[in-house]
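# Descriptive analysis of the structure
Next come the chains, spelled out residue by residue.
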Amino acid sequence: MTDSVRRPAPAAGGEDEQWLAEVARAAGADAGGVPVELLGDYLRLLTDAAVTGRRPRRTELDAVGALGRRAAEQGISAGRAVRLYLSAARRVWRQLPHLDRSDDSEAVRAAADAVLHVVDTAVATLAEGYAAARRELVRREESLRRELVDDLLRGDSDLGGLVERAEPFGLDLARVHQVALAAPGRRLPDTEAAISALERVIFDRLGDRDVLVATKEGLLVVIAPADPVAAGRGGGAGPAGNLGMLMHGELDRLVRGRPWQVAVGRPHPGVYGIARSYEEAREALTTARRLHSEASVIDAHDLLIYRVLLRDQPAMVDLVRAVLTPLAQARGGAEPLLDTLNEYFACGEVATEAARRLHVSVRTVTYRLARIRALSGYDPADARDRFTLHAAVLGARALDWPRRPLPA
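What counts, and at which threshold
Residues numbered from 1 in each chain as written. Predicted model: local features only at pLDDT ≥ 70, side-chain atom pairs only at ≥ 80, totals over all residues. Heavy atoms only, no water. Axes fitted to C-alpha atoms, helices over the stretch in contact; angles between N-to-C directions. Helix = DSSP H or I, 4+ residues; strand = E, 2+ residues; numbered from the N terminus. Parallel < 35°, antiparallel > 145°, perpendicular 65-115°, else oblique. Contact = heavy atoms within 4.5 Å. Nonpolar A, V, L, I, M, F, W, Y, C, P; charged D, E, K, R; others polar. Core = buried A, V, L, I, M, F, W, Y, C linked by side-chain atoms within 4.5 Å. Buried < 20%, exposed > 50% of the residue type's maximum accessible area, 1.4 Å probe, protein only. Polar contact = N/O pair within 3.5 Å; in protein donor to acceptor, adjacent residues only side chain to side chain. Phe/Tyr/Trp six-rings, centres within 6.5 Å; stacked < 30°, edge-to-face > 60°. pLDDT = per-residue confidence, 0-100. Pairing = 2+ DSSP bridges.

## Points about the packing of helix α13 (residues 335-346) against helix α15 (residues 362-376)
- Contact geometry of α13 with α15 gives a least axis separation of 10 Å together with a crossing angle of 110°. Of the possible angle classes, the one that applies to α13 and α15 is roughly perpendicular. Across the interface between the two elements, P336, L337, T340, L341 and Y344 of α13 pack against V365, R368, L369, I372 and L375 of α15.
- Of the residues that constitute the contact of α13 with α15, the class distribution is eight nonpolar, one polar and one charged.

## Quick look at the nonpolar core
- Counting residues in hydrophobic clusters, the biggest one holds 63 residues, and the most contacted among them are L152 and L324.
- In contact with L324, other than residues within four places in its own chain, are L319, L338, L389, A392, V393, A396 and W401.
- Counting residues in each nonpolar core, the second largest holds 36 residues, with L20, V34, Y85 and V92 among its members.

## Description of the side chain of R266
- Secondary-structure assignment places R266 in the loop between β4 (261-264) and β5 (268-269).
- There is a polar contact of 2.7 Å between the side chain of R266 and the side chain of E280.

## With respect to the packing of aromatic side chains
- On inspection of all chains with the given rule, the structure shows two aromatic pairs.
- Taking the centre distance of 5.9 Å and the plane angle of 55° together, the rings of Y344 and F345 count as tilted.
- Classification of Y344 as buried rests on a relative accessible area of 9%.

## Brief notes about the confidence of the model for the protein
- Taken as a whole, the protein shows an average pLDDT of 84; of its residues, 89% reach a score of 70 or greater.
- Contacts for the low-pLDDT stretch residues 1-13, under 50 throughout, to residues beyond four places or in other chains number 21 contacts.
- Per-residue pLDDT stays below 50 along residues 228-239; that stretch engages in 18 contacts with residues further than four places along the chain or on separate chains.

## Quick word on the pairing of β4
- Going residue by residue along β4, you find Q261 and A263 tucked away on one face and V262 and V264 tucked away on the opposite face as well.
- Examined bridge by bridge, strand β1 (residues 176-183) and β4 share four bridges and lie antiparallel to one another. Bridging across to β4, A183 finds its partner in Q261.
- Here β4 pairs with strand β6 (residues 297-299) via three bridges, running parallel. Counterpart to A263 in the pairing with β6 is I298.

Here it is, written out as structure tokens:
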């Protein structure tokens, strides 16, 4: 039946039901195949309003709201659900037989007013029910996602259960993943904006499957797929650098939270690889803070040496105490000499480059190196002494000495 066909007055209730069923089918097709069951008694409400002017009762509107909830639970978009109702109203109005024959403009106007009231209240109630169901679904999904992320990062949950729970979120736990943590400069009163920003840019770049974004202990957590070929060194151009820069670039646009610092763990395969990458990212973030690093993106691979050094902290404390504490006797204390050693080793033991980085003269650098040799007994120019001094300097940075006293 086309919109231009006017239906004659039905002779019996059966024909009336058949007409409304045809309207429902056509409206469902207009809305892209939405199930006609979502109309409920809406068509009868429209015809009653047109014929008698009756307005919907509260119980009837409650039933429409329940249909809106059902549409949300079935994954039907709000736009398609509303289109179903508007299309049904249009088709019912154009095919009402008694209005087609009526010459009474007042009667037609009254019928139109009654029908429009039904459309207005029914569509509004449908949308309210839909929105309420969506909020419940989002809250339920958020809760499930947080629990899943917590268990993945802890790494001690039932493997089979994790695989089953991860599947609805599109997470393939057989793949190689890496974890990145974003720490705000100040505590965020509301993390929703930051999560939404990260989801938008990461989903756009990596797709919305196999990526999870959540919060944990005041940090934003991203679990993302990584190229297994690049599971060695991340680097600025590798997956770790790319993910970290991608996250930092988006978060830095936000008004709140700056300056952000992002730490990225190395890629690892499997369920336990996610927990391992998370621990690396967390340690990298902690180490960067202890080193007073202002780097916006920290690759856990670049800080592996500190994990090795601090694994036996008593031995490292003993090394720093034996090799570097004599430098505290220098005028100005040990810190200028440590800074000199750090830059000297970082630039490949080139005094002129170290001087440039330290913003001092080359003569000052050579003088400080001589003082280090005299006070500590270790010569930075000697290969064996150089290794000992470098390890001690890295240990001192990790222990935050001399800003903090060495542990007993």
